[in-house]
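What follows is the residue order along each chain.
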Amino acid sequence: MVTLRIHSIMPEPEDDIVVTKEAIKQAITALRKRHLVEEAAHAPAFLALARPILSQGSEWKTKAENLELELQQCYKAQARLSEQLVVEVAESRESKTLVQEKEALITDLENELAQSREECSRLNALLAEKTEALELIMTEHNDLKIQLEAATVRADDLEAENKTLIDRWMLQKMQEAEHLNEADATFEDMMNKMKASSIEQLARRQVDGVVRLREEDEYCMESTVPSICKRQISAHDGGCDVIVFEHNSTKLISGGQDRVVNMWDTTTGALVRTFHGCVGSVIDLSITHDNRTIIAASVSNNLVAWDVNSGRARHTLTGHVEKVCAVDVSKVSSHHVVSSAYDRTIKVWDLHTGYCMKTLLFHSNCNALSFSTDGQAIFSGHVDGCLRLWDIQTGKLLSEVAAHSLAVTSLSLSHNGNLILTSGRDNMHNLFDMRSLEICGTFRANGSRVASNWSRSCLSSDDNYIAAGSADGSVLIWSTSNGSVVSTLKKHKGSVVCCTWSGFGKPLATSDKNGSICIWA
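Per chain, residues are indexed from 1 in the order of the written sequence. In keeping with the model being predicted, local features are shown solely for residues with a pLDDT of at least 70 and side-chain atom pairs are shown and tallied solely at 80 or more, while totals for entire chains, interfaces and linings include all residues. Neither water nor hydrogens contribute to the side-chain values; these are computed over all heavy atoms in the structure.

Q: Describe in detail the pattern of salt bridges, supporting the description with residues and values.
A: By definition here, a salt bridge exists when the distance from a side-chain nitrogen of Lys or Arg to a carboxyl oxygen of Asp or Glu is within 4 Å. As enumerated under the stated definition, the model contains six salt bridges in all. The salt bridge involving Arg456 is made with Asp284; its shortest N-O contact spans 3.8 Å. You can see Arg456 sitting in the loop between strand S23 (438-443) and strand S24 (458-459) and its partner Asp284 sitting in strand S8 (residues 282-287), a full 172 residues away along the chain. Considered together, Arg456 and Asp284 belong to a single accessibility category, that of buried residues. Here Asp433 ties to Arg435 by a salt bridge, and the two come within 3.3 Å at their closest N and O atoms. Taken together, the shared-partner salt bridges connect Asp384, Arg388 and Glu400 into one network. Runs of H or I in DSSP of at least four residues are treated as helices and runs of E of at least two as strands, each being numbered from the N terminus. Exposed residues in this analysis have more than 50% of their type's maximum accessible area, buried residues have under 20%, and partly exposed residues fall in between, with area computed by a 1.4 Å probe over protein chains only.

Q: Describe the packing of aromatic side chains, and please don't skip the residues or the numbers.
A: Think of it this way: a Phe, Tyr or Trp ring, Trp meaning its six-membered ring, pairs with another when their centres are within 6.5 Å, and the plane angle makes it stacked under 30 degrees, edge-to-face over 60, tilted otherwise. Taken as a whole and judged by the stated rule, the model has five aromatic pairs. Ring geometry for Phe275 and Trp306: centres 5.9 Å apart, planes at 50°, overall tilted. Of this pair, Phe275 sits in strand S7 (residues 270-275) while Trp306 sits in strand S10 (residues 302-307), placing them 31 residues apart in sequence. The class of Phe275 is buried, set by a relative accessible area of 0%. Judged by centre distance (5.9 Å) and plane angle (50°), the rings of Tyr342 and Trp454 are tilted. Separated by 112 residues along the polypeptide, Tyr342 in the loop between strand S13 (336-341) and strand S14 (345-350) and Trp454 in the loop between S23 and S24 bring together distant segments of the chain. We classify Trp454 as buried; its relative accessible area is 18%.

Q: Give me the lowdown on the nonpolar core, citing residues and values where you can.
A: Counting 26 residues, the largest nonpolar core has Ile253, Val261, Leu285, Ile294, Trp306 and Ile517 as the members making the most contacts within it. Elements supplying a minimum of two residues to this core: strand S4 (240-245), strand S5 (251-256), strand S6 (261-265), S8, strand S9 (293-298), S10 and strand S30 (516-520). Examining the composition of this core, we find that five residues originate from one element, S4, more than from any other. When residues no more than four places from it in sequence are discounted, the contact partners of Ile253 are Val242, Ile243, Val244, Glu246, Val261, Asn262, Met263, Leu285, Ile287 and Ile294. Membership of the second largest hydrophobic core comes to 13 residues, among which are Ala368, Ala377, Phe379 and Ala403. By nonpolar core is meant a set of buried Ala, Val, Leu, Ile, Met, Phe, Trp, Tyr and Cys residues that side-chain atoms within 4.5 Å join together. Only heavy atoms enter the contact rule, under which two residues are in contact if any of them lie within 4.5 Å.

Q: Just give me the short version of the confidence of the model for the protein, but keep the residues and values in it.
A: Along the chain, pLDDT gives the predictor's confidence residue by residue, from 0 to 100. For the protein, the average pLDDT comes to 85, and 86% of its residues sit at 70 or higher. For the stretch residues 1-13, pLDDT sits under 50, and the model shows one contact to residues farther than four places along the chain or on other chains. Across residues 201-219, confidence stays below pLDDT 50; counting only partners more than four residues off in sequence or on other chains, it has 33 contacts.

Q: Summarise the side chain of Asn302; cite the residues concerned and give the values.
A: Here Asn302 is to be found in strand S10. When its relative accessible area of 13% is taken as the criterion, Asn302 is described as buried.

Q: Residues and numbers for the state of the cysteines, please.
A: Criterion for a disulfide: a pair of cysteine sulfur atoms at a distance within 2.5 Å. For the structure shown, the criterion picks out zero disulfides. For the unlinked cysteine Cys518, the closest cysteine sulfur is that of Cys229, found at 4.0 Å.

Q: Mind laying out a negative patch on the surface, listing which residues take part and the relevant values?
A: There is a patch of like negative charges on the surface, built from Asp156, Asp157, Glu159 and Glu161. With respect to the helices, strands and loops of the structure, Asp157 is situated in helix H2 (residues 13-204). Patch membership needs two things, relative accessible area over 30% and no salt bridge, and members are linked within 9 Å if like-charged or within 5 Å if nonpolar (Val, Leu, Ile, Met, Phe, Trp, Tyr). Each accessible area value is a Shrake-Rupley result obtained with a 1.4 Å probe; residue values ignore everything except the protein chains displayed when judging cover. All tallies of charge rest on Lys and Arg as positive and Asp and Glu as negative; His and the ends of each chain are not included. In plain terms, the charge of a residue is placed at NZ if it is Lys, CZ if Arg, CG if Asp and CD if Glu.

Q: Can you explain the side chain of Ser511? Please cite residues and give values.
A: When you line up the elements, Ser511 lands in strand S29 (residues 508-512). A relative accessible area of 0% places Ser511 in the buried class. If near-sequence neighbours (up to four positions away) are discounted, Ser511 is found in contact with Cys240, Asp241, Val242, Ile243, His492, Ser495, Val496, Val497, Cys498, Ser516 and Ile517.

Q: Account for the sheet that holds S24, with residues named and values stated.
A: DSSP calls a pair of strands paired once it identifies at least 2 bridges connecting them. Strand order in the open sheet formed by four strands is S24-S25-S26-S27, and the pairing between neighbours is antiparallel. Only two strands of the sheet have a single neighbouring strand rather than two, namely S24 and strand S27 (485-490). Both strand S26 (residues 474-479) and S27 contribute to a ladder of five bridges, which runs antiparallel. Residue pairing for S27: Ser474 is matched across the bridge by Lys490.

Q: Before we move on, can you summarise the sheet that holds S8 with the specific residues and values?
A: Taken in spatial order, the four strands of this open sheet run S8-S9-S10-S11, and their pairing is antiparallel. On the outer flanks of this sheet lie S8 and strand S11 (313-318), each paired with one strand and no other. Strand after strand, the sheet turns through a mean of 20° between neighbouring axes, direction not considered. With five bridges connecting them, S9 and S10 associate as antiparallel partners. Bridge pairing links Thr293 to Asp307 in S10. Between N-to-C directions, angles span 0 to 180 degrees; the directions come from axes that are lines fitted to C-alpha atoms, helices contributing only their stretch in contact.

Q: Just give me the short version of the environment of His382, but keep the residues and values in it.
A: Tracing the chain through its elements places His382 in strand S17 (residues 377-382). As for His382 and Asn367, which are separated by 15 residues in sequence, their C-alpha atoms are 5.6 Å apart. Each residue touching His382, except ones within four places of it in the same chain, is listed here: Ile346, Phe362, Ser364, Asn365, Cys366, Asn367, Arg388, Trp390, Ala407 and Val408.

Q: For unusual backbone geometry, give the residues involved together with the corresponding values.
A: A cis amide bond, omega 5°, links Lys506 with the succeeding residue Pro507. The phi dihedral of Asp463 is positive, around 65°, even though this residue is not glycine. Take Asp463: it is sitting in the loop between S24 and strand S25 (465-469).

Q: Outline the environment of Ser300, supporting the account with residue identities and numerical values.
A: If you trace the backbone, Ser300 turns up in the loop between S9 and S10. With near-sequence residues (within four places) excluded, Ser300 lies in contact with Val279 and Gly280. Within 3.5 Å is the distance limit for a polar contact, defined as a pair of N or O atoms, with the added protein rule that one can donate a hydrogen and the other accept it, and that residues adjacent in sequence qualify only through two side-chain atoms. A distance of 2.8 Å separates the side chain of Ser300 from the side chain of Ser298, its partner in a polar contact. Within the structure, the side chain of Ser300 is placed 2.9 Å from the side chain of Asn302, a separation counted as a polar contact.

Okay, here's the thing in structure tokens:
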């Protein structure tokens, strides 16, 4: 019950707010009333003070407007003067810069003038020296002119005497020539008798088959058409690009992508020797006719020559600036080597010294080379499809013939040197008579494709057959007499890139891009 009494005595919160608002309103009303009373009390004083101020306000306003107008004019004048000042300052700077440049130019001209004076003095001294030297030379010239006249007189006398001696010498040579003709006739009769005797003896001999007599009294073994693969050799890693037989031997030399040259015994298939020293893939090989030196052409822009007996490198022939793609050795002299590279050059080397003797330049790169049988000329097959003949002594181009519509890939010279076999990227193999530069046979087969720019075909030892590899792994044998394919050999799993025939007439060796060598018989 006590609790109820307390709540009745204390006011509610809402009632307090209402009371407060009413109090504020009353206070504001009282303030307004007081303000009005005070404003009414001071009104007469405000009116008395305002009358003189209002009368002077119009004058001050007029003066203020005039002053404002004058101020604007002053601002405009100041702006014009500022612009003029900026222009004059810029002109002053330009004038100062121009004066400095002129002063520097005057200094440079003064220096040049001093140098010119020094140079003029030096040239005057040099002119004096040259004048003295010229006078001395003129004196010497006059002396030499007198000596020349005396020497001319002596030369005329010697020429007359020499003519007399030549006439006497020619007469003596004519007499000696008559004696030599008589001796030649006697010698020819003796040789004919000896030849007849040797032919009779040769007919009685049998050397592993049939022996035939060539046009140039050169004996060779008759080749047989191979039919079976007697042996397959894994020769190189990455591909075997070139193979060549030793002369009068069954040993085979190979080169490939693994930068080594191997010698094989084709009878047993055994590796006889390995030659190291190439720093690039071997593209072509050649061997001297005494079988003492092997030369390899490499993509490392050089050639390496090895001694066969010791296996040591004799020379590294440097001079080409692109990969060397062909090499051959003279059939007369074992120290003359010819090479070609993709720098459009053909170089002739002296194998004894290792120096380049001559360089032939041509616009088309050469893919294949071969010496003539007399060693006086070079046959070259080029990327433009032409076969060219060069004089090794003068370096002049003797003749050329369009052999193929595409690049020539290989050359194979017959044993008598009258025929040469060319192969090209047009998948054709042409046989040329070098005496007339005419094609005497064209060989091709359906499906046969030349595998690379350095695919090597070959003639048999008796020139009766042609062997060439194809990109499909087959080897085709043509007869040169009728142009027909007499055999197709299939054993390779990769493109066949090189064929070579032994000088004994058999076996035939072929190599492919997988590094395998097949020996056919």
